[in-house]
Amino acid sequence: SPSPTEVAHLQTLRTSLHFWAPTFKWGISIANVADFAKPHEKISYPQQVVIACTGIIWSRYSMVITPRNWNLFSVSVAMSGTGLYQLSRKMRKDYFSGAEKEAAAASLE
């Protein structure tokens, strides 16, 4: 059973920025997952680089601060994962699909 001090700390944590900021960041990750259905032409390189880098930086920071913020860590890992996936998806279509088409056309000749 948690002590009264621990209960008070948890109540304070729930009403602080320490809790709510990462909770609202889940909206960015959810929106990025919804964008998986978008065609690759509509994916923005700068936006996805920022999402991936933000996730990587803040996941490291969430493990350095005291107390460790597991909510911030989990949302940051999700952000970096979705950003890196979107970047890989766009790069595959922009840079590697043309070579595959050319190789397929050459094999038909």
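Looking at an unreviewed UniProt entry, one finds the chain named Mitochondrial pyruvate carrier and attributed to Aegilops tauschii subsp. strangulata. Turning to the chain, the UniProt annotation filed under Sequence similarities (unreviewed entry) states: "Belongs to the mitochondrial pyruvate carrier (MPC) (TC 2.A.105) family." According to the UniProt record, the Function (unreviewed entry) comment for the chain reads "Mediates the uptake of pyruvate into mitochondria."

## Quick notes on the overall build of the chain
The number of helices and strands found in the chain is four helices and zero strands. When the helices and strands of the chain are listed from N to C terminus, the series reads α-α-α-α. Evaluated residue by residue, the chain yields a buried proportion of 25% over its 109 residues. The contacts in the chain between residues at least 6 apart in sequence include a share of 78% that link residues at least 24 apart.

## Let's talk about the confidence of the model for the chain
Interpretation of the predicted coordinates at a detailed level should be avoided for regions scoring low in pLDDT. Looking at the chain as a whole, the pLDDT averages 87, with 83% of positions reaching at least 70. Per-element confidence in the chain is highest for helix α3 (residues 45–64), whose mean pLDDT is 96, and lowest for helix α1 (residues 4–14), whose mean pLDDT is 73.

## Things to note about the pattern of salt bridges
Counted under the stated rule, the structure contains two salt bridges. Asp 35 serves as the salt-bridge partner of Lys 38, at 4.0 Å between the closest nitrogen and oxygen. Lys 90 is the partner of Asp 94 in a salt bridge, and the nearest nitrogen-oxygen pair spans 3.3 Å. Separated by four residues within a single helix, Asp 94 and Lys 90 lie in helix α4 (residues 70–108), roughly one turn from each other. For Asp 94, a relative accessible area of 35% puts it in the partly exposed group.

## Here's the deal with the packing of aromatic side chains
The full count for this structure, using the stated rule, is four aromatic pairs. An angle of 65° between the planes, with centres 4.7 Å apart, marks the rings of Phe 36 and Tyr 85 as edge-to-face. Remark: Tyr 85 occurs in helix α4 and Phe 36 occurs in the loop between α2 (17–34) and α3; sequence separation between them is 49 residues. Note on Tyr 85: relative accessible area 38%, which makes it partly exposed.

## Quick look at the side chain of Asn 32
Take Asn 32: it is sitting in helix α2. Beyond its immediate chain neighbours, meaning those up to four positions away, Asn 32 contacts Gln 48, Ile 51, Thr 82, Gly 83 and Gln 86.

## Description of α3
Here α3 contains 20 residues, and its C-alpha end-to-end distance of 29 Å stays within 8% of the 28 Å for a straight helix at 1.5 Å per residue. Buried within α3 are the following residues: Gln 48, Ile 51, Ala 52, Gly 55, Ser 59, Ser 62 and Met 63. Buried residues of α3, viewed axially, fall in a sector of 105°; they line one side. Among the exposed residues of α3, those pointing more than 90 degrees away from its buried face are Pro 46, Val 50, Ile 57 and Arg 60. At the N-terminal boundary of α3, the capping side chain belongs to Ser 44, with an oxygen 3.3 Å from the backbone nitrogen of Gln 47.

Rules used throughout
Residues numbered from 1 in each chain as written. Predicted model: local features only at pLDDT ≥ 70, side-chain atom pairs only at ≥ 80, totals over all residues. Heavy atoms only, no water. UniProt positions renumbered as here; feature names shortened; annotations may be inferred. Helix = DSSP H or I, 4+ residues; strand = E, 2+ residues; numbered from the N terminus. Buried < 20%, exposed > 50% of the residue type's maximum accessible area, 1.4 Å probe, protein only. Contact = heavy atoms within 4.5 Å. pLDDT = per-residue confidence, 0-100. Salt bridge = Lys/Arg side-chain N within 4 Å of Asp/Glu carboxyl O. Phe/Tyr/Trp six-rings, centres within 6.5 Å; stacked < 30°, edge-to-face > 60°. Expected span 1.5 Å × (residues − 1). Arc of directions from axis to C-beta. Polar contact = N/O pair within 3.5 Å; in protein donor to acceptor, adjacent residues only side chain to side chain.

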